[in-house]
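# Chains, contacts and geometry: an overview
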Amino acid sequence: MRKVILLLFAMMALAASAQDSTAVVRFGYLNYQQALQSMPQYALVQKKMADLRNQYEAEMQRVTDEFNRKYEEFLEGQHEFPKTILQKRQSELQELMTRNVTFKEESRKQLANAEREALAPLKIHLAETVAKIASNRGLALVVNTASDACPYINPEMGEDLNQLVTNALK
C-alpha cells in the first residue's frame, strides 16, 4: 500500500512538472510475475525447487515415521517399564518431537532462502530487460500490475510492455 501511495505521488509530481513544461509523461506497465514466469530459466528453477521440496518432505516423513514407531513402542511397554525407563523414554520422545518441529521450521526457512537465491538472477535479468526497454521507449516509469495495485490503467496513456518484455526474455 505504501508503495502505491509513493507511486501515485511520484506520478502526480511528474504530471505537475509535465504540465509546467508541456511535456508528456509516458509510462509503461506489465505483469511482473507473468514476465518472470515466461523466462525459460523459470521452469528450471521451479523443477529444482520441487526436487528440493520433495527431499525435505521425504526426510520429514522419515522422522515422523521414526517418532510414530518409537511412540507405539512406548505405548506398548509403558505398563511394564520401571519408572526410570519410563521417564527416559518420555524424555526421548519429547526431545525427538522438539527436533522434528525444529527441523520442519528450519526446512521452511531453507526452502524460502533457496527459492529467493534461485530466483535472484532471473529477477535481476528481468529488471535489466525492463529498464532497457523503458529507456529505449522513453518511459518515465514502469508500473507492475501483478499485485493488483493498479486496478485500472488507461491504455491510451500508458504502454503495455508485457509482450515486448516476454519477447526480449526469450
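Throughout what follows, the structure given in this document is the object of discussion. (Residues numbered from 1 in each chain as written. Predicted model: local features only at pLDDT ≥ 70, side-chain atom pairs only at ≥ 80, totals over all residues. Heavy atoms only, no water.)

Attention shifts here to the environment of R99. Mapped onto the secondary structure, R99 falls in helix α4 (residues 83-136). By relative accessible area, which is 46% here, R99 ends up partly exposed. With 36 residues separating them in the primary sequence, R99 and V63 have C-alpha atoms 9.3 Å apart. (Helix = DSSP H or I, 4+ residues; strand = E, 2+ residues; numbered from the N terminus. Buried < 20%, exposed > 50% of the residue type's maximum accessible area, 1.4 Å probe, protein only.)

For the rest of this paragraph, the subject is α4. Structural remark: α-helix, 3.6 residues per turn; residues separated by three or four positions point the same way. Here α4 spans 79 Å end to end across 54 residues, near enough to the 80 Å set by a 1.5 Å rise per residue. Taking the largest bend as the criterion, α4 deviates by roughly 35°, centred on A120, and proline P121 comes between one and four positions later. Once α4 ends, the next one or two residues include G138, with phi positive near 70°. (Expected span 1.5 Å × (residues − 1). Bend = angle between axes of the 7 residues up to and from the residue.)

Two numbers describe a pair of aromatic rings. These are the distance of the centres and the angle of the planes. Taken as a whole and assessed by the stated rule, the structure comprises two aromatic pairs. An angle of 10° between the planes, with centres 6.1 Å apart, marks the rings of F67 and Y71 as stacked. Of the two residues, F67 and Y71 both sit in helix α3 (residues 40-77), four residues apart, roughly one turn of that helix. For Y71, a relative accessible area of 38% gives the class partly exposed. (Phe/Tyr/Trp six-rings, centres within 6.5 Å; stacked < 30°, edge-to-face > 60°.)

Okay, the pattern of salt bridges next. Applying the stated criterion across every chain, the model contains nine salt bridges. With a closest N to O distance of 3.2 Å, E73 and R69 form a salt bridge. With a gap of four residues between them, E73 and R69 both fall in helix α3, about one helical turn apart. Taking relative accessible area as the criterion, R69 reaches 42% and is therefore assigned partly exposed. What you see here is one network of salt bridges that share partners, running through E59, R62, E66 and K70. (Salt bridge = Lys/Arg side-chain N within 4 Å of Asp/Glu carboxyl O.)

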